[in-house]
Amino acid sequence: MFDLEAVIAAFAPELLLASAGLLGVLVGAVFKDRFNTISFRLGALVLIAAAGLSIVYWQGGRAFDGLIHTHAFASFAKTVSYTCGALALLMAEGFLKRHETQRYEFTLLVIFASLGMGVILSASDMMTLYLGVEMLSLSSYVLASFHRDSPRSAEAGLKYFVLGALASGILLYGISLVYGFSGSTSYEAIAAADPGLGLMFGMVLMITGLAFKVSAAPMHVWTPDVYEGAPSPVVAFFATAPKMASMVVFATIMYTAFPQVVAFENWQMIIGIIAAASMLVGAFGALIQTNIKRLLGYSSIANMGYALVAVAAGAAIGGAAVLVFMTAYVIASIGLFGGVLSMRREGGMVENIDELSGLIRRQPGLAFALTILLISVAGFPLAFGFIGKLSVLEAGWNAGLVPLVIILIFSSVIAMYYYLRLIWIMWVNEPVEDFEPVEGWVSSTVYLSALASIGLFVFAAPLMQLAQSAAGSVLP
Amino acid sequence: MGFSILSAMTFLPMAGAILILLVQALTKGQTGEDAQDNRIMYAGLVFSVATFLVSLVVFFGFDHSALGYQFVEEVPWYAGIQYKLGIDGMSILLILLTTFLTPIALIASIGSIKHRITEYVAAFLILETFMIGVFCSLDLVVFYVFFEAGLIPMFIIIGVWGGADKFYASFKFFLYTLFGSLFMLAAVVYMYLAAGTSDIMVLETVQFDPGVQTWLWLAFFASFAVKLPMWPVHTWLPDAHVQAPTAGSVILAAVLLKMGGYGMLRFSLPMFPDASLLFQPFVFTISVIAIVYASLVAWRQTDMKKLIAYSSVAHMGFVTLGIFSFTEIGVQGAVYQMISHGLISAALFLIVGVVYDRMHTREISAYGGLVKKMPIYASLFMLFAMANVGLPGTSGFVGELLTMVGTFQASTWAAAGAALGVILSAVYMLTLYRRVVFGPITNPALEGIKEINTKELITLVPLAAGTIILGIMPNLIFDITRGSTLHALARLAGG
């Protein structure tokens, strides 16, 4: 029984990405280097179209005998992830051109990675999940080492690959245990199974694997190294689209495959501990960083910790908060990495935070936008990040996770220090020379995300309602 | 509802700041080359004076005899949170204080701020918006947003135009306040979840369980105690004051500190009455410690600004004593003391700024014998020093007297401790005055010092007038604040 309509409703954006990706391989094989330049914009167009399709088929549905189940929760994350992917691709164009690595394979890898995200978001079966995870990961490993002549980039790719393969192995082992003790790989069947010790064991291993994917402590060690070593536009991609998707998948699996009371109590505590560890590691780790990419890497660890507080709060309470917080975080992140990409002097990229000295007097627009984005990512009022953090706090309180709320407060204050230090460097320090001009895509991404951070703060109601209704779709 | 004057008043300065930044960006492209351009200062002044005029319109449209909030306006934000503004007697006075002092702070900066004027003016105007917003908000989350957002412009003001040790001072200021405030945010979220709304007017009628109240009260207190500041979390204040430029100190002492007292009256008392009663001895203890300790520390200071900063800590001790006396007279005195201290501390920082601009030092020992060179300055200094001590006839007297009367009714020993503070305030202020103004001129550099100029007189005379008028006719304030005082005390049984 093949119901085309159901397949399209549940899987349209991914079908588009898959066909575009495969077509891209063919076209690339025929046209070779002539395809390099145009592929970036075409790829971005495809990703935007995929985001549009996620909106059109918002409610999704089931397909492929229950291997795929798209719901509004997933569609929300897809829309955000694909849009970020498109922006990252556009920002990469000029950067790669300057480094003479502007190749159409980059576009294809981003599209396949995005396809992997779509698959894991829509998965309702462990097999689909694992396929998607691997598709996303393998594309990411190659992307991290895309500057294959640079030792740092190669190192980042190798590190990412070795650790990522280990995490995938752990995840797969967890899946096999879960399958063994529940007799099924479908989320629904697992949810209905008897939560015995074996199932719990498998669940813990799965959490370990997933924690690696969202770079939560103690599985975070790869993050700063990969952020520092991988080419900046790749990091702009890593820090946004897969983060959004992985976190939402993390929540979806916990909410739909392990909703039983016994399981819930177990994973709530485990995820709570991971969240606490991430918040603290992220806050303290970033204090001494002077490389902006490493600093943002630690900042992302801390922010994943905040998001995990919302995950730990459970579907009914925390679902909407996961979406809102992650959306606020990726909007600010893509802009901040646009800022990182703007840090260019004498043909090379500079990454030391002191290079931002006195930016407000040299490039006031850029400095203003970055200040807003830092305020947003710090969860401070006047930007959308505040509403994200408020939702997380609300979820934490509502679920009675008082220790996590207190740790969140402490780590927010500590983290505020390094965001403030960046603001200080831009506003107070004496200016150094200008950055070289960058392409319009980079600066428009910075301005757009700053504008979106402010705009969504002031007009928060529609997005909040959307997140609320989307979260309703993963309720057991 | 139509035209909403409170929003207009709140966002007028910010609109001005954005306009100034835009014009500057379009005409020059880059800031920094406008070193001596005072036109931007005047443009900022126009906006802040306009805001002052709007606030006067609100003030005269305000019905003093009516109870409850007036000019209420409400726009839903999201979920149970709304952008809701409204004022009562206490808030309109604090708003007036804010809009009155911002132009004065800007005038005082003309000539003494020599670089990055555009950003300076913009920072002050944006700060003004947030300060007015704090006093207008009738929604807890909106209040929190304004309360916190004000940290950023102040951080920049201390950071860019501050003294040598500005990094330490501005980070300490920011992180201390943020740390206290995040506990308040956690409590706000809790209250929002419990009541389903963050509307202050609704929350005032919610009865929280006494055990819960204790925690909520402590969380709010963490924020307000840092902001006020109370001993032992006051240490950011002297650092921030010493490093901040004169106008920054003026706004910091006159308005930002008042947010703490305002918060206690607006939230702690009406929303957590049981906890407030429970913690009365605790607040009295640390207030008295603050008054005596800060006064003694002030006495030993060698830096003029630091001395005045510690004296602010001591005077804020009177405010908390008055608020937690739970008597009408005590709370009235506390509100009065906040307004009065706003005028006096602003004036004292300006007074220090006058000689600092000439000599570039705040060391008390570098001065002496100023009366011979600057007689007008010496008389104004005398007036404000006496007002700070609490001389009858000045506004300082009324505030201290009433808070002590109120405290006396609640606790004799606390009032006795506060009285000791009054004596000590005379000790340190008179010591300061004698060492700076009287005696022989020991520092040869002082021989050429110039008398106070017109610009400085323009900033100081209104403050002097305010201090004296309020000292002679305190009913001007009491009639307006009576409603909010009774409202704050309404739920304290036996208050």
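Refer to the structure above for everything that follows.
Below is a short write-up of the structure.

On to the overall build of chain B, then. Each helix and strand counted, chain B has 21 helices and two strands in total. A compact globule built from 495 residues should have a C-alpha radius of gyration of about 23 Å, and chain B, at 22 Å, falls within 12% of that. In terms of principal-axis extent, the alpha carbons of chain B reach across some 65 × 60 × 40 Å. Across chain B, the mean location of the 23 positive side-chain charges is 12 Å away from that of the 26 negative side-chain charges.

Turning to the packing of helix 14 (residues 315–342) of chain A against helix 16 (residues 364–377) of chain A, a few remarks are in order. Helix-helix packing is characterised by the crossing angle of the two axes and by the distance between the axes. All names here are of chain A. Orientation of helix 14 relative to helix 16, taken along the N-to-C sense of each, is 145°, at an axis distance of 9 Å. Viewed along their axes, helix 14 and helix 16 form a crossing whose handedness is left-handed. Along its contact with helix 14, which presents A328, Y329, I331, A332, G335, L336, G339 and S342, the element helix 16 presents L366, L370, L373, L374, S376 and V377. Here the contact of helix 14 with helix 16 is composed, by residue class, of 10 nonpolar, four polar and no charged.

A word on helix 14 (residues 304–323) of chain B. Residues and elements named next belong to chain B. Taking 1.5 Å of rise per residue, the 20 residues of helix 14 would be expected to cover 28 Å, and the 29 Å separating its terminal C-alpha atoms lies within 8% of that figure. A large share of helix 14 lies buried, amounting to 19 of its 20 residues. A distance of 2.9 Å separates the backbone nitrogen of K305 from a side-chain oxygen at the start of helix 14, and that oxygen is part of D303.

Okay, the pattern of salt bridges next. Residues and elements named next belong to chain A. One pass over the full model with this rule turns up 26 salt bridges over all chains. For R103, the salt bridge identified is with D33, shortest N-O distance 3.9 Å. Placement of the pair is R103 in the loop between helix 3 (72–98) and helix 4 (104–122) and D33 in the loop between helix 1 (4–31) and helix 2 (36–56), with a sequence separation of 70 residues. Owing to a relative accessible area of 33%, R103 belongs among the partly exposed residues under this scheme. Measuring nitrogen to oxygen at the nearest pair gives 3.0 Å for the salt bridge that ties K159 to E155. One end of the pair, K159, and the other, E155, are both in helix 6 (residues 151–182), four residues apart, so they sit about a helical turn from each other. Exposure remark for K159: the relative accessible area of 29% places this residue in the partly exposed category. On the basis of relative accessibility, which here comes to 42%, the residue E155 falls in the partly exposed class. The structure contains a network of salt bridges with shared partners spanning E155, K159, D225, E228 and R294.

Opposite the 35 residues of chain A that make contact, chain B presents 38 residues. Contact with chain B buries area across many residues of chain A, yet R361, F380 and W424 of chain A alone supply 19% of it, more than any other trio. Joining chain A to chain B, the criterion identifies zero salt bridges. Every element with two or more residues in the side of chain A that touches chain B is listed here: helix 15 (359–362), helix 16, helix 17 (384–398), helix 18 (402–427), helix 19 (440–458) and helix 20 (461–471) of chain A. Take the side of chain A that touches chain B: its biggest share by element is 12 residues, from helix 18 of chain A.

What follows deals with the environment of I270 of chain A. Residues and elements named next belong to chain A. Assignment of secondary structure puts I270 in helix 12 (residues 261–285). By relative accessible area, I270 is classed as partly exposed at 22%. Dropping the residues within four chain positions of it, I270 is found in contact with V204 and I207.

Turning our eyes to something else, we now look at the environment of W215 of chain B. All names here are of chain B. Structurally, W215 is set in helix 9 (residues 210–227). Using a relative accessible area of 66% as the deciding quantity, one classes W215 as exposed. For the pair W215 and H115, spaced 100 residues apart in sequence, the C-alpha separation works out to 46 Å.

Right, let's get into unusual backbone geometry. Residue and element names in this part refer to chain B. For the peptide bond that leads from L228 to P229, omega is -10°, which places it in the cis range. Looking at where P229 falls in the secondary structure, it is placed in the loop between helix 9 and helix 10 (236–243). In this structure, the amide linkage connecting W231 to the following residue, P232, adopts the cis form with an omega of 5°. Summarising the element assignment, P232 is placed in the loop between helix 9 and helix 10.

Across all of its chains, the model carries 60 aromatic pairs over all chains by this definition. Geometrically, the ring pair formed by F147 of chain B and F224 of chain B is edge-to-face, given 6.1 Å between the ring centres and 80° between the ring planes. Of the two residues, F147 of chain B sits in helix 5 (residues 140–149) while F224 of chain B sits in helix 9, which places them 77 residues apart along the sequence. The exposure classification of F147 of chain B matches that of F224 of chain B, with both residues buried. Here the aromatic rings of W217 of chain B and F324 of chain B are separated by 5.9 Å at their centres, their planes lie at 85°, and the arrangement is edge-to-face. Here W217 of chain B, found in helix 9, pairs with F324 of chain B, found in the loop between helix 14 and helix 15 (328–359); they are 107 residues apart in sequence, far enough to count as distant. Here the two residues W217 of chain B and F324 of chain B agree in accessibility, since each one is buried. Through pairs of rings, three or more aromatic residues link up here, namely Y141, Y160, F161, F212, W222, F237 and F238 of chain A. Seen from the ring of F147 of chain B, K227 of chain B lies directly overhead, with NZ or CZ sitting 4.8 Å from the centre.

Residue and element names in this part refer to chain A. On the surface, a nonpolar cluster with roughly 710 Å² of combined accessible area is contributed by F2, L4, I8, L15, V56, Y57, F64 and L67. Among the elements that take part in the nonpolar patch, helix 1 stands out by supplying three residues, more than any other. Owing to a relative accessible area of 60%, V56 belongs among the exposed residues under this scheme.

A regular strand carries its side chains on alternate faces of the sheet. Residues and elements named next belong to chain B. Bridge count between strand 1 (residues 70–78) and strand 2 (residues 81–87): six bridges; the pairing is antiparallel. Residue pairing in the sheet places E74 in a bridge with K84 of strand 2. If you look at the hairpin formed by strand 1 and strand 2, you'll find two residues sitting between the two strands, and A79 has a positive phi there, around 45°.

For helix 3 (residues 89–109) of chain B, which comprises 21 residues, the first-to-last C-alpha distance of 31 Å matches the rise-based estimate of 30 Å (1.5 Å per residue) to within 8%. The buried count for helix 3 of chain B comes to 20 of 21 residues, which makes it a mostly enclosed element.

Membership of the largest hydrophobic core comes to 389 residues, with the highest contact counts inside it found for L129 and F258 of chain A. It is helix 15 of chain B that contributes the most residues to this core, 18 residues altogether. Once residues lying within four places of it in the same chain are set aside, the contact partners of F258 of chain A are V178, I190, L199, M203, M206, I253, A263, F264 and W267 of chain A.

About the cut-offs
- Residues numbered from 1 in each chain as written.
- Chains lettered and ligands numbered in written order.
- Predicted model: local features only at pLDDT ≥ 70, side-chain atom pairs only at ≥ 80, totals over all residues.
- Heavy atoms only, no water.
- Helix = DSSP H or I, 4+ residues; strand = E, 2+ residues; numbered from the N terminus.
- Rg over C-alpha atoms; globule rule 2.2 N^0.38 Å.
- Lys, Arg positive; Asp, Glu negative; His and termini not counted.
- Charge placed at Lys NZ, Arg CZ, Asp CG, Glu CD.
- Axes fitted to C-alpha atoms, helices over the stretch in contact; angles between N-to-C directions.
- Left-handed = near helix turned anticlockwise from the far one by under 90°.
- Contact = heavy atoms within 4.5 Å.
- Nonpolar A, V, L, I, M, F, W, Y, C, P; charged D, E, K, R; others polar.
- Expected span 1.5 Å × (residues − 1).
- Buried < 20%, exposed > 50% of the residue type's maximum accessible area, 1.4 Å probe, protein only.
- Polar contact = N/O pair within 3.5 Å; in protein donor to acceptor, adjacent residues only side chain to side chain.
- Salt bridge = Lys/Arg side-chain N within 4 Å of Asp/Glu carboxyl O.
- Buried area = accessible area lost by both parts, 1.4 Å probe.
- Phe/Tyr/Trp six-rings, centres within 6.5 Å; stacked < 30°, edge-to-face > 60°.
- Lys NZ or Arg CZ within 6 Å of the ring centre and 35° of its normal.
- Patch = residues over 30% accessible without salt bridge, like charges linked within 9 Å, V, L, I, M, F, W, Y side chains within 5 Å.
- Areas by Shrake-Rupley, 256 points an atom, 1.4 Å probe, with all protein chains shown as cover.
- Pairing = 2+ DSSP bridges.
- Core = buried A, V, L, I, M, F, W, Y, C linked by side-chain atoms within 4.5 Å.

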